[in-house]
Amino acid sequence: MKRIYMDHAATTPLAPEVLEAMIPYFSQRYGNPSSLHSFGREAREAVEEARAEVAALLNAEPSEIYFTSGGTESDNLAIKGIARRNRKKGRHIITSSIEHPAVLEVCKALTREGFEVTYLPVTKEGLVEVGAVEEAVCEDTILISIMHANNEIGTIQPLEEIGRLAREKEIYFHTDGVQTAGKIPVDVRSLGIDAFSISAHKLYGPKGAGALFIRKGVRIESIQQGGGHERGMRSGTENVPGIAGLGAAARIAKENMAEESERMRSLRDRMSGWVLKNIEGSWLNGHPDKRLPSNLNFSFRYIEGESLLLHLDALGIAASTGSACSSKKLAASHVLSAIGLSPVDSHGSLRITLGMSNTEEDVDYACRAIFDSVKRLREMSAMRPE
Amino acid sequence: MSQQEYNEKVMDHFMNPRNVGMIEDPDGYGKVGNPTCGDVMEIFIRVKDDKIEDIKFRTFGCGAAIATSSMTTEMAVGKTVEEGMKITREDVAGELGGLPPNKMHCSNLAADALHMALEDYRRKIADKKT
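Note that the structure is a prediction, hence the values are computed from the model and not measured.

Let's talk about the overall build of chain B
Counting its secondary structure elements, chain B contains five helices and three strands. Its helices and strands taken in sequence order, chain B reads α-β-β-β-α-α-α-α from the N to the C terminus. By the compact-globule yardstick of 14 Å for 130 residues, chain B fits well, its C-alpha radius of gyration being 14 Å. The buried share of chain B, taken over its 130 residues, is 45%. Residue pairs at least 24 apart in sequence account for 65% of intrachain contacts in chain B once pairs closer than 6 positions are excluded.

Below, the structure written as structure tokens:
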């Protein structure tokens, strides 16, 4: 059976060139970058080359890039590191209610260290309002952490305005950019960002590698002590193959971005156009324009998302849902709740995230598969239009 | 995530549910669940000579909700009203070879819908007699 992967916000396949860039560092070039000999040198060169490539993707300086194990660690380092280092200045943090758990749970943990956190609401399209950020700012605010684009609904936040505000008020500004790095242009300078988290496996790189951009001059402390790697910011022997992979992935993403994001946008619009026109009782969650080119988040009335996923899986389509029934905690998606969806409407949600391998043919096949699955489940549903 | 995975039998009942639909003017009807929790089940029965002659269901819910509904109807058909009342949620889960633990409670309500349909039937019979 044909299998079509449409869950690229969860993870992406490794690009063949990325794998190629990684392989030597598992075998022949296995040196420890901290070693002074030639083995260490070649590993160190790979790490520094990758650092330059990641910096280029974000319009940062190589010296502002710190390698981590992934998006979650980058978020932990940015938020805990900035909060703890600046606690004498203040103890208030502003974030949004639709952040990834890697931000929300870190903020929650910091409240146990005496920090206070404001979780900003969002509009029904999933936008954080700059006015609301401004209102939340107080004397004690030391950090604003707002994601670039949401992983579930794809809404892109007005970072530039938030960044400007943060600079005016002299508050550090962190952004979880896991869903945008490599997909849409990111310029940490023009966006006014102090710290930006990225993850390799969301941009056709390997799992277990990520990076944090920290603007030069930001007061931050390490959260992992040891041998002082990454200029003391992140101890632990570098994951050289992973870092080489992240560097290659960043380079390829930058080269292909303009063309690929246009292609994604066209596939996305083709799909939403067809689905919304042909399936009654369906709508798109998130923002109509301020949206990742690869993201679709539908809701279908009278059916439940896990059932829909399983039917689609049987037809070879891999997607995801915000339905409570598919989550470990049996709770509806916090993002869908925050944009005002009732639990019933979150139940029928379907997230499609497109990627490099998807073609027009795949999209058309997926549209039919969604149509058929929704129809079948509605036929057996105990809910229907009254 | 093994705790969220369904076994083959559950998947079979989910993908190919038995007795889907409704019965016009049923002898008994039961509906349980609430859409906020994510599962709503309806059971329709036709009873002849005290036996469940025909049974149909409609379910809004996850894989487990649909599979347990299907299995419940399969277990109930041909049984007497009394026997039908004795089918428990645990029996249904057992007959399916088990459910993921987090689905045992919320999505395994079909037996309740069956009991409600059987009670509805009994009430109708009692009403007719009086």
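Once the structure has been displayed, the description carries forward.
So, the confidence of the model for chain B
As a general rule, the predicted coordinates of low-pLDDT regions are not to be interpreted in detail. Confidence in the prediction for chain B averages 92 pLDDT; 97% of positions are at 70 or higher. Predicted complex, confidence summary: ipTM 0.92, pTM 0.94.

Some thoughts on the sheet that holds strand β2 (residues 39–48) of chain B
Residue and element names in this part refer to chain B. Strand order in the open sheet formed by three strands is β1-β2-β3, and the pairing between neighbours is antiparallel. Whereas interior strands pair on both sides, the edge strands pair on one side only; in this sheet they are β1 (28–34) and β3 (51–60). In this sheet, adjacent strand axes meet at a mean angle of 15° when their direction is disregarded. Two elements, β2 and β3, share nine bridges in a ladder whose sense is antiparallel. Across the sheet, residue M41 finds its bridge partner in β3, namely T59. Packing against the sheet, helix α2 (residues 63–76) makes contact with β2 and β3, and its axis sits at approximately 175° to β3. Together, β1, β2 and β3 form the strand contacts of helix α5 (residues 110–129), whose direction differs from that of β1 by roughly 145°.

A word on the environment of A:V103
Residues and elements named next belong to chain A. Relative to the helices and strands, V103 resides in helix α4 (residues 101–111). Along the backbone, V103 and D75 are 28 residues apart, and their C-alpha atoms lie at a distance of 6.1 Å. Every residue in contact with V103, bar those within four places of it in the chain, is listed here: D75, I79, T95, S145, M147 and D176.

A short note on helix α3 (residues 71–85) of chain A
Taking 1.5 Å of rise per residue, 15 residues should cover 21 Å, and α3(A) covers 21 Å from first to last C-alpha, within 8% of that figure. Summarising burial for α3(A): 13 of the 15 residues are buried, a large majority.

Section: the nonpolar core
One finds A:F213, A:A249 and B:I43 to be the most contacted residues of the largest nonpolar core, which totals 146 residues. Here the element with the most residues in this core is helix α8 (residues 240–278) of chain A; it accounts for 13 residues. When residues of this core are assigned to domains, at least three fall in each of domain 1 (4–10 + 257–379) and domain 2 (16–253) of chain A.

Considering the packing of α3(A) against α4(A)
Residue and element names in this part refer to chain A. Where α3 meets α4, the closest approach of the two axes is 9 Å, and the angle between their N-to-C directions is 35°. In terms of crossing hand, the pair formed by α3 and α4 is right-handed. Contacts between α3 and α4 pair G71, T72, D75, N76, I79, K80 and A83 from the former with A102, V103, V106, C107 and L110 from the latter. Residues of the contact of α3 with α4, tallied by class, amount to seven nonpolar, three polar and two charged.

Notes on the domain arrangement of chain A
Residues and elements named next belong to chain A. Taken domain by domain, chain A comprises domain 1 (4–10 + 257–379) and domain 2 (16–253). On a C-alpha basis, the centroid separation for the pair domain 1 and domain 2 is 28 Å. If you look at the interface, domain 1 gives 22 residues, while domain 2 gives 23 residues. Examining the composition of the side of domain 1 that touches domain 2, we find that three residues originate from one element, helix α10 (residues 334–338), more than from any other.

Thresholds, definitions, all that
- Residues numbered from 1 in each chain as written.
- Chains lettered and ligands numbered in written order.
- Predicted model: local features only at pLDDT ≥ 70, side-chain atom pairs only at ≥ 80, totals over all residues.
- Helix = DSSP H or I, 4+ residues; strand = E, 2+ residues; numbered from the N terminus.
- Rg over C-alpha atoms; globule rule 2.2 N^0.38 Å.
- Buried ≥ 20, exposed ≤ 12 C-beta atoms within 10 Å, placed from the backbone.
- Contact = placed C-beta atoms within 7 Å.
- pLDDT = per-residue confidence, 0-100.
- Pairing = 2+ DSSP bridges.
- Axes fitted to C-alpha atoms, helices over the stretch in contact; angles between N-to-C directions.
- Expected span 1.5 Å × (residues − 1).
- Core = buried A, V, L, I, M, F, W, Y, C linked by C-beta atoms within 7 Å.
- Domains from an automatic or database assignment.
- Left-handed = near helix turned anticlockwise from the far one by under 90°.
- Nonpolar A, V, L, I, M, F, W, Y, C, P; charged D, E, K, R; others polar.

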